[in-house]
Amino acid sequence: MGISFALTVGFTNSAVAQDNTDFLQQCPVRSPLFATTKLNPIKDLAPEAIGVRADAADIDSETTLASFTGNVQVQLNDQFLFTEQATVNQASGNINASGATQFTDGYVQVSSDNFRLNSGDNRAYLAGAQYQLQTTGAHGTAELLSISPEQVLLAGSTFTTCPTDQPAWQLSADEINLSEDEAWGEAWHAKFELFGVPVLYVPYINFPITDERKSGFLFPTVRSSQKNGFEFELPYYINIAPNQDATLTPRYMAERGLQMKAEYRTLTEGGSGQVNLAYLDNDDSLESDASRYLWRVEHEQSWSPSWRSYVNILDISDDDYLNDLGSQFAGRADAQLYRHARVDYHTDNAQVMLRAEDFEILGDYRSPYRTTPQLTTFFNWQDSPALEVNLFSELTHFRNQDNSNDYATRFHIEPAVKFAYEKPAYDVLSELRYSYTYYDQAASSSFNNTTLSENPSRSIPQFRLRGRLNLERDFAWGDQTYQQTLQPQIQYLYVPYRDQSDIGIYDSTLMQDDYQGLFRARRFSGLDRIADANQVTIGASTSIFNENAREMVRFSAGQIYYFDDSRVSLFDENSQIADDRSDLAFETRFRFNDRLFLNAAMQYDMEQNNTRKSQTAVEYRIDESNLIQFSHRQVTNILNDDIEQLGLQTVYQVKANWQVAANWFYDLEQKRTNDALLALQYNDCCWAIRVSAYRRINRNLELQATDPMNRQPEFDTGVSVQFIIKGLGSDNSNLFELIEQSLFGYRHPFYLSN
């Protein structure tokens, strides 16, 4: 079991804190030290002139000293002083006040034992001071407080952002400097005090007063785990420019060594980009001395209203990198990495895309082909709402990721004529397509030593006719009125058979037969296989809407009836169709109220009378960050195995300050827990503490490659504790991120559809 403890202490801030609006509404708003209604500016007071109001005044013309007593208000530009007794030197402009005083300059409010203003350098001195920043509510005490325009110096002082008079944490220091312009503070010889107990000393620290960015150290993290041993991270944030920043993070792991991580972010006019690097020179926990690394580049750019580009590339040194070292850009359960780059051109009648992409399969599996590159075009002409003529074309070069001698090129062109007739009560779609595909796979056929033809071509027409009815009725149930819609539809699809066995498979795979998939024109993705079809699809979908047009219920069901067998196969004969009808596909959604939801889908085999696939999720949602979700999925005969799993995920705020998060995925076939997490967090306006425990499968892909018959999984368990001090940096106290990073994720825990 790994034990992890993290004391989170902020040095500086790199981003705006996470939006916790609902929680902050529970935090008390600190009242000003004194009411601003006391301000009564003297009208027509010249700049740099001193204005005074008082119950009584004694002006000595010989010494140029003026003494004021009783409800004294002194004004100099935007500075106001309230006291019972004050002396003004008319020659030098110096002001002295003894006894209780109140001072404000619009940035800070101060209550002190006395006051002195040196007008020569425009600096005020207050002893025995209690201060509060007006914009943020940060407050503290100071033995001596010195104020000049846009700067506050505090000697023998404290600082905290906790709104209470007895804060959970505070920073005490020999000297604190608060800068209004930069919205940052600096402290020398500082101590962090938690509940009055000093826990950390630093010779120097800078910290945010607001959410503005500044270069400096971020939260350090200290933890211990079974895999990595003692672990320490200390990020350093670099604010390069208003549109650029970077973060450098050394990460020391006792069992593995020192890893360096770096991140660079930039904003451009019409786009944004990010580069990430992680490098471990020599992993001490492995026998080999090979380096381990991760790098990632992402950039999106809108060059003009018609031109756009996007790049997203992620690469890792080995298959077990994500499982061992982790990454925020890929999950530890990910089976593949997807990389692509594209340039798009769009107009009203044309779309052109140039793309390169590849999938890297993690584990001992054959890698799919890369597309390097792919050029697709789509042109459409529509002179009337009913008639549309379009032309699709594609030119793609495929290359084996493992051997550059295995490659092929495909050219595809597909004109189509579509006739769509729409009325409120019904619509009809008639579509005729003709596709021609040519391959140059001389290198691929020679490399694989198969029966592939060097230059095969394929011509296939396709006809599709679909009709739908749009019915609706109003009805009442109790005191509420509802509207029900019913959309039955029928589709006929005809595609003649063509022998395609001499064509390689470069980007085709079988798609799911969910309800929407029943009405697709093709069963395979990609263009290497176009299945023959002579079939009718029948289905219907009904929905119920409340008086606010919000969908409360949806139910859909459909099935395909085959007139002929489909003989085109993908990799084996299992992808052929020899039945009279497809699985019966169901989908349903229930919105019981604003908080309770049910989503379910099922594919039922009418021949075998069993469920082929099913997925169900019941969710009780208070808001986007407070929910409970139960889920179930079942899949039969996938890779000669059956899957049936239960899932539970929740993030729930039990009370105002207490939040719990959990996920649990149980394998009913193997009778074991595959992934589990339980976290409890106390959270208030000043601090938070999080305790969590986990159990999960330790995916060792290299072990599976060397010993594929070893099906006994390894499990990793651990406990972590994290303490978060708020107000000295960005707040990562939301537990929702934990279940998002779980084995299956949250939004679609058992999503089966394409």
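Residues numbered from 1 in each chain as written. Predicted model: local features only at pLDDT ≥ 70, side-chain atom pairs only at ≥ 80, totals over all residues. Heavy atoms only, no water.

Visitor: Quick question: what am I supposed to make of the overall build of the protein chain here?
Guide: Of regular secondary structure, the protein chain possesses five helices and 42 strands. Within the protein chain, the proportion of its 754 residues that are buried is 43%. Across the protein chain, every contact between residues at least 6 apart in sequence was considered, and the portion connecting residues at least 24 apart equals 49%. For the protein chain, the exposed surface amounts to about 38,500 Å²; the carbon and sulfur share of it is 52%. (Helix = DSSP H or I, 4+ residues; strand = E, 2+ residues; numbered from the N terminus. Buried < 20%, exposed > 50% of the residue type's maximum accessible area, 1.4 Å probe, protein only. Contact = heavy atoms within 4.5 Å. Areas by Shrake-Rupley, 256 points an atom, 1.4 Å probe, with all protein chains shown as cover.)

Visitor: Would you take a moment to explain the pairing of strand β10 (residues 151-159) for this structure?
Guide: Regular strands place their side chains on alternate faces of the sheet. Relative to β10, strand β9 (residues 139-148) is paired through six bridges, and the arrangement is antiparallel. Residue pairing in the sheet places S146 in a bridge with L153 of β10. Taking the residues that link successive antiparallel strands as the turn, the β9-β10 hairpin has two residues, and the phi of E150 there is positive, at about 70 degrees. (Pairing = 2+ DSSP bridges.)

Visitor: What should I look at first to understand empty space enclosed by the protein in this one?
Guide: In this approach, a probe sized like a water molecule rolls over the atoms, and the result shows the empty space that is left. According to the stated counting rule, one finds four cavities of 30 Å³ or more in the structure shown. Considering the residues around the largest cavity, the lining is formed by 15 residues, among which R520, A521, R522, R523 and Q535 are closest to the centre. Here the residues of the lining of the largest cavity are counted per class, giving seven nonpolar, three polar and five charged. (1 Å grid on protein atoms, 1.4 Å probe; cavity = no way out; pocket = protein on both sides within 12 Å on 5 of 7 lines; lining within 4 Å. Points joined across faces, edges and corners; volume = space filled by probe spheres on them. Nonpolar A, V, L, I, M, F, W, Y, C, P; charged D, E, K, R; others polar.)

Visitor: For this particular structure, what's the right way to read the nonpolar core?
Guide: Counting residues in each nonpolar core, the largest one holds 48 residues, and the members touching the most others are F115, L126, L145, L171 and L178. Not counting the four nearest positions on each side in its chain, L126 is found in contact with T101, F103, V110, S112, N114, F115, E143, L144, L145 and I147. Listed in part, the twelve residues of the second largest apolar core include L294, L314, I316 and Y321. (Core = buried A, V, L, I, M, F, W, Y, C linked by side-chain atoms within 4.5 Å.)

Visitor: Please clarify how the environment of Y369 should be interpreted in this entry.
Guide: Relative to the elements of secondary structure, Y369 occurs in strand β25 (residues 369-381). Note: C-alpha distance between Y369 and D406 (37 residues apart in sequence) is 9.2 Å. In this structure the side chain of Y369 is engaged in a polar contact, spanning 2.7 Å, whose partner is the side chain of D406. (Polar contact = N/O pair within 3.5 Å; in protein donor to acceptor, adjacent residues only side chain to side chain.)

Visitor: When you look at the packing of aromatic side chains in this model, what are you seeing that I'm missing?
Guide: The relative placement of two aromatic rings is captured by the distance of their centres and the angle of their planes. Tallying each qualifying case throughout the model produces 18 aromatic pairs. Taken together through their ring pairs, the aromatic side chains of F195, W658, Y682 and W687 make up a single cluster. A cation over a ring is seen here: R567 above Y497, with NZ or CZ 3.7 Å from the ring centre. Sitting above the plane of the F597 ring, R621 keeps its charged end 4.6 Å from the centroid. (Phe/Tyr/Trp six-rings, centres within 6.5 Å; stacked < 30°, edge-to-face > 60°. Lys NZ or Arg CZ within 6 Å of the ring centre and 35° of its normal.)

Visitor: What is the right way to read the pattern of salt bridges from this model?
Guide: Between side chains of opposite charge, a pair can form as their charged atoms come close. This model, assessed by the stated rule, comprises 32 salt bridges. Of the charged contacts in the structure, one is a salt bridge between R355 and E357, with a shortest N-O distance of 3.8 Å. Between R621 and E619 there is a salt bridge, with the nearest N and O atoms lying 2.8 Å from each other. Classification of R621 by relative accessible area gives partly exposed; the value is 24%. Judged by its relative accessible area of 7%, E619 is buried. When salt bridges that share partners are traced, they join R256, D283, R292, D318 and D324 into one network. (Salt bridge = Lys/Arg side-chain N within 4 Å of Asp/Glu carboxyl O.)

Visitor: I'm lost on the environment of A443 in this one. Help?
Guide: Mapped onto the elements of the fold, A443 is located in helix α3 (residues 442-448). The contacts of A443, once residues within four sequence positions are left out, are N405 and Y407.

Visitor: What's the story with the side chain of D406 in this structure? I'm lost.
Guide: Mapped onto the fold, D406 is located in the loop between β26 (387-400) and β27 (407-423). Judged by relative accessible area, D406 falls into the buried class, the value being 0%.

Visitor: I keep staring at a negative patch on the surface and nothing clicks. Help me out?
Guide: Taken together, D564, D565, D579 and D580 make up a surface patch of like negative charges. Residue D579 is classed as partly exposed on the basis of its relative accessible area of 43%. (Patch = residues over 30% accessible without salt bridge, like charges linked within 9 Å, V, L, I, M, F, W, Y side chains within 5 Å. Lys, Arg positive; Asp, Glu negative; His and termini not counted. Charge placed at Lys NZ, Arg CZ, Asp CG, Glu CD.)

Visitor: Any chance you could explain a nonpolar patch on the surface here in plain terms?
Guide: There is a patch of nonpolar side chains on the surface, built from W381, L387, V389, V417, F419, Y421, Y426, L469, L471 and L486 and spanning about 870 Å² of accessible area. Here F419 lies in strand β27. Using a relative accessible area of 39% as the deciding quantity, one classes F419 as partly exposed.

Visitor: Help me understand the confidence of the model for the protein chain, please; the structure alone is not making it clear to me.
Guide: Reading predicted coordinates in detail is not appropriate for stretches of low pLDDT. Across the protein chain, pLDDT averages 84, with 88% of residues at or above 70. The low-confidence segment residues 1-25, where pLDDT is below 50, has 96 contacts with residues more than four positions distant or belonging to other chains. Predicted confidence for residues 747-754 stays below pLDDT 50, and this span has 28 contacts to residues more than four positions away or in other chains. (pLDDT = per-residue confidence, 0-100.)

Visitor: What am I meant to see in unusual backbone geometry here?
Guide: Of the consecutive residues T372 and P373, the connecting peptide bond is found in the cis state with omega at 0 degrees. Position of P373 among the secondary structure elements: in strand β25. Its identity is not glycine, yet N71 carries a phi of approximately 50 degrees, on the positive side. Checked against the element boundaries, N71 lands in strand β4 (residues 65-76). Assessed through its relative accessible area of 54%, N71 is described here as exposed.

Visitor: Would you mind going over the pairing of strand β3 (residues 56-60) with me for this structure?
Guide: Counted residue by residue, β3 has zero buried out of five residues, so it is predominantly exposed. Direction of pairing for β3 relative to β4: antiparallel, over a ladder of five bridges. The partner of D58 across the bridge, within β4, is S67. Hairpin connection of β3 to β4: four residues between the antiparallel strands, including T64 at a positive phi of 60 degrees.

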